[in-house]
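Here is what each chain is made of, one letter per residue.
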Amino acid sequence: CRGCGRLFYVRPSRVGLRRNCSTKCHDTRIAVRCCGCGTRLLRPRWHRRMSPKPFCNTACCERWRVNHREGRYLIRFDRLRRWTDRLAYFVGLMITDGNVGDTGAVSFVSLDKCSTRFVRSFVAPSTPIRVERTLAGRAVYRWSVWSRRLLNEMIRFGVVPRKSLRARLPSVPRRALPGLLRGVL
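A brief report on the enclosed structure follows. (Residues numbered from 1 in each chain as written. Predicted model: local features only at pLDDT ≥ 70, side-chain atom pairs only at ≥ 80, totals over all residues. Heavy atoms only, no water.)

## Quick word on the overall build of the protein
A count of helical and extended segments in the protein gives eight helices and six strands. Mapped from its N terminus to its C terminus, the protein presents α and β elements in the order α-β-β-α-α-α-β-β-α-β-β-α-α-α. Contacts in the protein between residues at least 24 apart in sequence constitute 53% of all its contacts with a sequence separation of at least 6. Put simply, the protein shows about 12,500 Å² of open surface, and 52% of that area lies on carbon and sulfur atoms. (Helix = DSSP H or I, 4+ residues; strand = E, 2+ residues; numbered from the N terminus. Contact = heavy atoms within 4.5 Å. Areas by Shrake-Rupley, 256 points an atom, 1.4 Å probe, with all protein chains shown as cover.)

Here is the structure:
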């Protein structure tokens, strides 16, 4: 038996199929902890090969994914503190073509590759830019990052979830106003 090491009788028709003497030896369960909430779970041993991060249910898995999206890429929060021409241009671009979600998703989609590169290099230089195709076949450049802190900064600048229904321009110092208008227009 693979489970207990004892010899056992197998009918000749089942020689290649049975490897354990009983269902008790076959059911080798191990105790693992849920990665989301920490509750103790009993799982078959082969589950460890299938998924290295066990969860007790799908809601726990989703909560874990939302909370662990932080810290994957370096985000330059120091550039968002003082109003500069580059910050105003970034905010203007995010007001027009940016998108923020309730869960912490901040993304920028544009047909212009240069503006997408600027947004990426200004906030998170190590994040990738994905190239997608529109229905007409044109290339669209998408930059996205997950960060609740960046989401809160974007809300402070006036880029809010569902902003097309309630958009507002932030109060900008006079010296940074040309950069904001350049990003919006």
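## Topic: the pairing of strand β4 (residues 105–110)
For a regular strand, the rule is simple: side chains alternate between the two faces of the sheet. Relative to β4, strand β3 (residues 98–100) is paired through three bridges, and the arrangement is antiparallel. Looking at the pairing, V100 lines up with V106 of β4. In sequence, β3 turns back onto β4 through a hairpin of four residues, with G104 there showing a positive phi of about 120°. Here β4 runs beside strand β6 (residues 139–146); their pairing, made up of six bridges, is antiparallel. (Pairing = 2+ DSSP bridges.)

## Describing the side chain of S115
Residue position: S115 is located in helix α5 (residues 113–123). With near-sequence residues (within four places) excluded, S115 lies in contact with L93, F108 and S110.

## So, the pairing of strand β2 (residues 40–44)
Pairing of strand β1 (residues 29–33) with β2 involves five bridges; the strand directions are antiparallel. By the bridge assignment, A31 is partnered in β2 with L42.

## Examining the sheet that holds β3
Reading across from one edge, β3-β4-β6-β5 is the order of the four strands in this open sheet, with antiparallel pairing throughout. Only two strands of the sheet have a single partner each, and these edge strands are β3 and β5 (129–133). Here the average twist between neighbouring strands, direction ignored, is 25°. Running over the sheet, helix α4 (residues 85–97) touches β3 and β4 and is turned about 85° from β4. Taken strand by strand, α5 contacts β4, β5 and β6, and its axis lies near 15° from that of β6. (Axes fitted to C-alpha atoms, helices over the stretch in contact; angles between N-to-C directions.)

## Quick word on the nonpolar core
One finds F90, V106, W143, L150 and M154 to be the most contacted residues of the largest nonpolar core, which totals 30 residues. Elements that contribute at least two residues to this core include exactly α4, β4, α5, β6 and α6 (148–156). With residues near it in sequence (within four places) discarded, W143 still touches V106, S107, F108, T116, V119, R120, V123, A124, T127, P128 and L150. Judged by nonpolar contacts, the second largest core, of seven residues, contains I30, V32, L41 and C61. (Core = buried A, V, L, I, M, F, W, Y, C linked by side-chain atoms within 4.5 Å. Buried < 20%, exposed > 50% of the residue type's maximum accessible area, 1.4 Å probe, protein only.)

## Concerning the packing of aromatic side chains
Inspection of every chain in the model, using the stated rule, returns four aromatic pairs. Taken together, the aromatic side chains of Y89, F90, F118 and F122 make up a single cluster linked through ring pairs. Directly above the aromatic system of F77 lies the positively charged group of R149, at a separation of 3.9 Å from the ring centroid. (Phe/Tyr/Trp six-rings, centres within 6.5 Å; stacked < 30°, edge-to-face > 60°. Lys NZ or Arg CZ within 6 Å of the ring centre and 35° of its normal.)

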